[in-house]
Amino acid sequence: MKTVVIGGNFAGITAALELKRKGKDQQEVVLIDKSPLFLFVPSLIWVPFGRRDVKDISFRKDTILEKRGVDFLNAEALEVDTVNQIVKTDKGEVNYDHLVVATGPKVKYDVAPGVKEFAHYIGTPNGAMKTRKALEEFKKNPGGIVVGATQNAGCMGAAYEFLFNIEKWLREQKIRKKVDLYWITPENYLGHFGIDGIKGGETMLKSFMKMFNIHFRTEVGVKEVFKDKVVLNTGEEIPAKFTMLMPPFVGVDFVTKSPGLQATPAGYIPVTDDYRHVTLPNVWAAGIAVDVKPPFTCGEVPFSTPKTGYPSDETGKIVAENIIRVQKGKTELKKKAWGKIPGICVMDAGKKEVIILSDKLFKPRNFAIMIPNVFYDFSKVLFEKYFLWKTRNGYSQLP
Ligand SMILES: Cc1cc2nc3c(=O)[nH]c(=O)nc-3n(C[C@H](O)[C@H](O)[C@H](O)COP(=O)(O)OP(=O)(O)OC[C@H]3O[C@@H](n4cnc5c(N)ncnc54)[C@H](O)[C@@H]3O)c2cc1C
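The rules behind the values
- Residues numbered from 1 in each chain as written.
- Predicted model: local features only at pLDDT ≥ 70, side-chain atom pairs only at ≥ 80, totals over all residues.
- Heavy atoms only, no water.
- Near = heavy atom within 4 Å.
- Polar contact = N/O pair within 3.5 Å; in protein donor to acceptor, adjacent residues only side chain to side chain.
- Areas by Shrake-Rupley, 256 points an atom, 1.4 Å probe, with all protein chains shown as cover.
- Helix = DSSP H or I, 4+ residues; strand = E, 2+ residues; numbered from the N terminus.
- Nonpolar A, V, L, I, M, F, W, Y, C, P; charged D, E, K, R; others polar.
- Domains from an automatic or database assignment.
- 1 Å grid on protein atoms, 1.4 Å probe; cavity = no way out; pocket = protein on both sides within 12 Å on 5 of 7 lines; lining within 4 Å.
- Points joined across faces, edges and corners; volume = space filled by probe spheres on them.
- Core = buried A, V, L, I, M, F, W, Y, C linked by side-chain atoms within 4.5 Å.
- Buried < 20%, exposed > 50% of the residue type's maximum accessible area, 1.4 Å probe, protein only.
- Contact = heavy atoms within 4.5 Å.
- Axes fitted to C-alpha atoms, helices over the stretch in contact; angles between N-to-C directions.
- Left-handed = near helix turned anticlockwise from the far one by under 90°.
- Patch = residues over 30% accessible without salt bridge, like charges linked within 9 Å, V, L, I, M, F, W, Y side chains within 5 Å.
- Salt bridge = Lys/Arg side-chain N within 4 Å of Asp/Glu carboxyl O.
- Buried area = accessible area lost by both parts, 1.4 Å probe.

Moving on to the site of the ligand. In the region of the ligand, 34 residues are neighbours, and Ala11, Asp33, Lys307, Thr308 and Gly309 sit closest. Between an oxygen atom of the ligand and a side-chain N or O atom of Asn9, the distance comes to 3.0 Å. Taking 1000 Å² as the accessible area of the ligand by itself, protein coverage stands at 92%. Looking at the shell around the ligand, the elements with two or more residues in it are α1 (10-23), β2 (28-33), α5 (156-172), α8 (309-327) and β20 (343-348). A breakdown of the residues in the shell around the ligand according to their chemical character gives 16 nonpolar, 11 polar and seven charged. Here the shell around the ligand spans two domains, and each of domain 1 (2-107 + 249-341) and domain 2 (109-248) adds at least three residues to it.

A volume near 410 Å³ is recorded for the second largest pocket. If you go around the second largest pocket, the residues you meet are Tyr109, Lys116, Glu117, Phe118, Ala119, His120, Tyr121, Thr124, Asn126, Gly127 and Lys130. Of all the secondary-structure elements, those providing two or more residues to the lining of the second largest pocket are α3 (115-118) and α4 (125-140). Taken together, the residues of the lining of the second largest pocket break down into four nonpolar, four polar and three charged.

Moving on, we get to the nonpolar core. The biggest cluster of nonpolar side chains holds 112 residues, and the ones touching the most others in it are Val87, Leu99, Tyr160, Phe164, Ile166 and Phe254. When sequence neighbours within four positions are dropped, the list of residues in contact with Phe254 reads Ile6, Ala77, Leu78, Glu79, Val80, Val87, Val101, Thr103 and Leu261. Residues Val111, Val220, Leu232 and Ala240 belong to the second largest nonpolar core, which totals 15 residues.

A word on the packing of α1 against α8. Close contact between α1 and α8 brings their axes to 8 Å; oriented N to C, the two are set at 30°. Crossing angle aside, the handedness with which α1 passes α8 is right-handed. On α8, the residues that touch Phe10, Ala11, Thr14, Ala15, Glu18, Leu19, Lys22 and Gly23 of α1 are Gly309, Ser312, Asp313, Gly316, Lys317, Ala320, Glu321, Ile323 and Ile324. Residues that form the contact of α1 with α8 fall into these classes: seven nonpolar, five polar and five charged.

Attention shifts here to a nonpolar patch on the surface. Nonpolar side chains collect at one region of the surface, where Val374, Phe375, Tyr376, Phe378 and Leu382 lie side by side and expose about 560 Å² of accessible area between them. Note that Val374 resides in the loop between β22 (368-373) and α9 (379-392). On the basis of relative accessible area, Val374 is assigned to the partly exposed category, the value being 39%.

So, on to the pattern of salt bridges. The tally for this structure, following the rule as stated, stands at 26 salt bridges. Its salt-bridge partner being Glu161, residue Lys380 comes within 3.0 Å of it at the nearest N-O pair. A residue pair is termed long-range when its members are at least 10 positions apart, and Lys380 in helix α9 and Glu161 in helix α5 qualify at 219 residues. On the basis of relative accessibility, which here comes to 5%, the residue Glu161 falls in the buried class. Between Lys229 and Glu237 there is a salt bridge, with its nearest N and O atoms 3.2 Å apart. For Glu237, a relative accessible area of 46% translates into the label partly exposed. Taken together, the shared-partner salt bridges in this structure form one network comprising Lys22, Glu321 and Arg325.

Attention now moves to the domain arrangement of the protein chain. Under the domain assignment used here, the protein chain contains domain 1 (2-107 + 249-341) and domain 2 (109-248). Between the C-alpha centres of domain 1 and domain 2 the distance comes to 29 Å. Contact with domain 1, which involves 29 residues of that partner, is made by 39 residues of domain 2. Summed over both partners, the interface of domain 1 with domain 2 comes to about 2500 Å²; 66% of that surface belongs to carbon and sulfur atoms. Its largest share of buried area at the contact with domain 2, domain 1 owes to Phe49, Val107 and Phe303, together 27% of the area lost on that side. On inspection of domain 1 and its partner domain 2, the count reaches one salt bridge. One salt bridge connects Arg132 with Asp53, and the closest N-O pair in it is separated by 2.7 Å.

Here it is in C-alpha cells:
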C-alpha cells in the first residue's frame, strides 16, 4: 500500500513517520514538500529581535525521513486527480492508494488594501527577516507602532506574543518613551484567542496592557494600511511608522485548484472526527489543512479559531493510525474531534510567559487554567528544544 503525504512540517512529518513506524514494510510512504527544511514555526516570533536565526529553528528533513524509510520528494504539489489517484507536482506525477493533505495555510494578505505592501508579517522566515531589517531602520527614527490581527484572522496568539516581545525590545533599545504602542484585534474581548477565552485571561491581559502602557482596541477590523498609519473600520486612524499584522489563513493553492478535494470555500478539507474526508474514503487531512468550525459567535467583526501545533501533531498521529486500521480491514477508527483535543500552549510575553492548559481546546471544558510566569520565559524555549530534538530524531510517537 502506498500513502502520499503532502506537506511535511508539524502534521505531515508526524503522519509520515508514524505510518512508516506502524506499517513497516507493508507501507510505502512518500512525503512531498516544497521546502527541504523542517521549520519550528512558533519561534519565528523571536527572529525579528535577533533572539533566533532561521537556521537555529530549522533543519533538513530528508536525512531523517530517509533514515526512517520514508521517501522524500522535494517538489510542489500542484493538484490532485482524486479519480485516478494521481498527484501532479512540478517534478512529475505520483500515484497513491491513500492521500494525506497536511499543507498548512496560505496567508490572505489581500484581506484589506495596504496589508501586503505596508504591514509586516512574521509567520514566514522571509517575513521575519524583513521585519528584523525594518526594526533596525525604525530604531533610528522611532514613532507609532500598530500590532494586531485583521478581521477573519485566527492566529491571534502569535500576534500577542509579538506585541509583548516588541514592547520589551523597545525598552532594551531605550526608545520605549518615544513610541505610542497600539494593539488592534477583531476579538470581542482581550484573550478570546479564537477559543472563547480561558477564565482570568481577559483580566490578565488587561493588566499587562496597563502595566506596559499599550493602548488597545477590541472588535475592530482593518480598513486600510498606509506607510504611516492604519485606518480601522471604525474610521479611527492610528499613526504608525511600523505595523505588524496577522492576516487570516486560507487553504493553499494545491487544495483550491483540486476540485476533486471538495474543499470548503476557505480552502480547507472537510473531514469527520477520524480526519477522513467526508466523501473520499482514501483521502485524509491533518493540521491546519483540516476544516474546523469556530465554536463561538463573533461580535461585530468576524474572526476565526487558531489551529496550533499540538492538535496539528495529534491529527497527524490519528490519520496514520486510521490508515493502518483501514488497510488491516478494521472498521472502527480512532476519533477525536478537533475541539476535544487537549489545549497545551505557551504564550511568550518577552521575559514573561503564560502557560495555557485545558482538557479540551473548545468549550465545554472540565478544566482550563492560565499560569502566568512574570519572571522569565523558559517554557517556550523548552517546548522549542524538545520539539526540535524529537523531530530531528524522528521520535514521532512522542507527544
Ligand atoms: C508566527 C506563528 C507563531 C506560532 N506560534 C505557535 C505556538 O507558540 N504554539 C503553537 O502550538 N502553535 C503556534 N503556531 C501554529 C503552528 O505553527 C501551526 O499549528 C503548525 O505549523 C501547523 O502545522 P501544519 O503541518 O498543519 O502546517 P505547516 O507547519 O504550515 O506546514 C505545512 C507544510 O506544507 C508544505 N506545503 C504547502 N503547500 C505545499 C504544496 N503545494 N506542495 C508541497 N508542500 C506544500 C509547506 O512547505 C510546509 O512544510 C504559530 C504559527 C505562526 C504563524
